[in-house]
Amino acid sequence: MALTGLTDATAPAADAMPPASKDAGGDVRMISSKEMSAHNAADDLWISISGDVYDVTPWLRRHPGGEVPLLTLAGQDATDAFMAYHPPSVRPLLRRFFVGRLSDYTVSPASADFRRLLAQLSSAGLFERVGPMPKVQLAAMSVLFSIALYCTLACASTGAHLFAGGLIGFIWIQSGWIGHDSGHHELTTHPALNRLIQIITGNCLTGLGIAWWKYNHNTHHIACNSLDHDPDLQHLPLFAVSTKLFNNIWSVCYERTLAFDAISKFFVSYQHWTYYPVMGFARINLMVQSIVFLITHKKVQQRWLEIAGVTAFWIWYPLLISTLPSWWERVAFVLVGFFVTGLQHVQFTLNHFSAEVYLGPPKGNDWFEKQTAGTLDIKCPPWMDWFHGGLQFQVEHHLFPRLPRQHYRMVAPFVRDLCKKHGLHYGAATFWEANVMTVKTLRAAAMQARQATTGAARKNLVWEAVNTLG
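Here the structure is a predicted model, which is why all the values come from computation and not from measurement.

A. Representation of the overall build of the chain. Helix and strand counts for the chain stand at 19 helices and 9 strands. Its C-alpha radius of gyration of 23 Å places the chain within 12% of the 23 Å reference for a compact globule of 470 residues. Expressed as lengths along the three principal axes of its C-alpha atoms, the size of the chain is roughly 80 × 55 × 45 Å. Sorting the 470 residues of the chain into buried and exposed places 56% on the buried side. Residue pairs in contact within the chain that sit at least 24 positions apart in sequence constitute 76% of those at least 6 positions apart. Summed over its atoms, the accessible surface of the chain is roughly 20200 Å², and 65% of this surface lies on carbon and sulfur atoms.

Written out as structure tokens, the structure is:
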């Protein structure tokens, strides 16, 4: 498929979706950006899309993406984020919330080109072309899971048992890619089948609730690399990627203070040494967070289905482990699986730990710039794309989260050209270079932590422990 150039006069307009104000009868109320910014609370929430202002307060509790994304962009222009996450068919649903038109609406050159490229991708039908990848991946996971069961139940050798444990870990990685894809776009044309795939490959197979993941991940995408808004950078007491985290900042996502106390100072001071070992056990924390979320969070879609899926995991996995002949083999089986899947947790952090960070919510007029500044691509040949699950094109993924991963390599040159045209950072490094950059970032903060003073005393060490790795 060929895409026309960014400056092509025949390309779709920057705001491809028509504003609701064109359909409004009579006089349209004109609203200034200053007036709109005052409506930035949960009980009074306005946003602007393509210059139209909407009062989405009644929609906040029902928003499929959760409340946090809307609260993060409250009182601002949210056009870029809205267009990135929603197909054009969603736009008419906003009309019932229409209140007026921005009197001082402007579009930056970078945002205009971003929206134009987004419209071109949509016109080419790329967002609907999922391809055979999900089917191939599900089939491969089924075969590998069958092999793991055979090696565990039908083989007597220790080597076969440990190999099975490693296979389970590898399957968890593949499940992570499937869950990530299904959280951003439809894998099939049948919504019920999509949901079934999510529950089986996520909740049942790995013990991770897809509802918890979507809540955290949507927040991460909207406020990419914001220290106080992005949960994927909030890992105290174990990790801190910036000295700004030493100031006991408030986590908007977790609704608690990220305390930098004596315990945090100790762990952060050695984080460049503990990084890889901790990644080997990070899966445990995600399992705990899933359970806590499903039990305590007020709004969980199909809560009991989610809980049933996680419960199924905690039935089959312990039972499988119990069939092994000795305790040391059981422990080794679990550890091998955790260490293998720990590679995926390293991949998650490489894309953001060494990138630019900031405090506060993203601004409506720099959302595109924040996404490119806070992400890092991993350079690799096409035959290694399966290994990274699409995350090697992290910049492209953050700009076009609904785009199926097989299209990223084709879209990447256009994104690089767009960044070059507007003088924006486009980060890319090899897998080895990204690891070096991440460790250097952690070491730099660790050296500063050894000289820093601590803040308030920790109130609940257990709660902090289960919230260290998002």
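Now that the structure is up, let's keep going.
B. Molecular detail of the nonpolar core. Counting 41 residues, the largest nonpolar core has Phe114, Phe400 and Val415 as the members making the most contacts within it. If we ignore the near neighbours within four places in the chain, the residues touching Val415 are Leu117, Val395, Glu396, Leu399, Phe400 and Tyr426. One finds Ile199, Ala211, Val334 and Phe338 within the second-largest nonpolar core, a separate group that totals 37 residues.

C. The arrangement of the environment of Arg283 in detail. Following the sequence through the fold, Arg283 ends up in helix H11 (residues 282-296). Under the relative-accessibility criterion, Arg283 is labelled buried at 3%. Sequence separation between Arg283 and Thr206 is 77 residues; the distance between their C-alpha atoms is 9.3 Å. Every residue in contact with Arg283, bar those within four places of it in the chain, is listed here: Trp172, Thr206, Leu208, Phe338, Thr341, Gln344 and His345. Polar contacts involving the side chain of Arg283 include one to the side chain of Gln344, which spans 3.4 Å.

D. Main features of the layout of surface pockets. When its volume is computed, the second largest pocket comes out at roughly 310 Å³. Around the second largest pocket, the lining comprises 17 residues; the ones closest to its centre are Met133, Gln137, Gln174, Trp386 and Arg405. Elements with a minimum of two residues in the lining of the second largest pocket: helix H5 (133-153), helix H6 (158-184), helix H15 (385-388) and helix H17 (408-421). Residues that form the lining of the second largest pocket fall into these classes: 9 nonpolar, 5 polar and 3 charged.

E. Summary view of helix H12 (residues 303-322). With 20 residues, H12 ought to run about 28 Å at 1.5 Å a step, and its terminal C-alpha atoms sit 29 Å apart, in line with that. Of all the positions in H12, only Glu306, Gly309, Val310, Phe313, Tyr317, Leu320 and Ile321 are classed as buried. Take H12 and look down its axis: the buried residues cluster within an arc of 100 degrees, on one side only. Among the exposed residues of H12, those pointing more than 90 degrees away from its buried face are Trp304 and Leu319. The secondary structure elements touched by the buried residues of H12 are H5, H6, helix H7 (191-206), helix H8 (210-222), H11 and helix H13 (327-350).

F. View of unusual backbone geometry. Cis geometry is found at the peptide bond from Leu236 to Pro237, where omega equals 15 degrees. Within the secondary structure, Pro237 sits in the loop between H8 and strand S6 (250-251). Unusually for a residue other than glycine, Asn248 sits at a positive phi of about 55 degrees. Here Asn248 shows up in the loop between H8 and S6. By relative accessible area, Asn248 is classed as partly exposed at 26%. Despite not being glycine, Gln302 has its phi angle at roughly 50 degrees, a positive value. Structurally, the position occupied by Gln302 is in the loop between H11 and H12.

About the thresholds
Residues numbered from 1 in each chain as written. Predicted model: local features only at pLDDT ≥ 70, side-chain atom pairs only at ≥ 80, totals over all residues. Heavy atoms only, no water. Helix = DSSP H or I, 4+ residues; strand = E, 2+ residues; numbered from the N terminus. Rg over C-alpha atoms; globule rule 2.2 N^0.38 Å. Buried < 20%, exposed > 50% of the residue type's maximum accessible area, 1.4 Å probe, protein only. Contact = heavy atoms within 4.5 Å. Areas by Shrake-Rupley, 256 points an atom, 1.4 Å probe, with all protein chains shown as cover. Core = buried A, V, L, I, M, F, W, Y, C linked by side-chain atoms within 4.5 Å. Polar contact = N/O pair within 3.5 Å; in protein donor to acceptor, adjacent residues only side chain to side chain. 1 Å grid on protein atoms, 1.4 Å probe; cavity = no way out; pocket = protein on both sides within 12 Å on 5 of 7 lines; lining within 4 Å. Points joined across faces, edges and corners; volume = space filled by probe spheres on them. Nonpolar A, V, L, I, M, F, W, Y, C, P; charged D, E, K, R; others polar. Expected span 1.5 Å × (residues − 1). Arc of directions from axis to C-beta.

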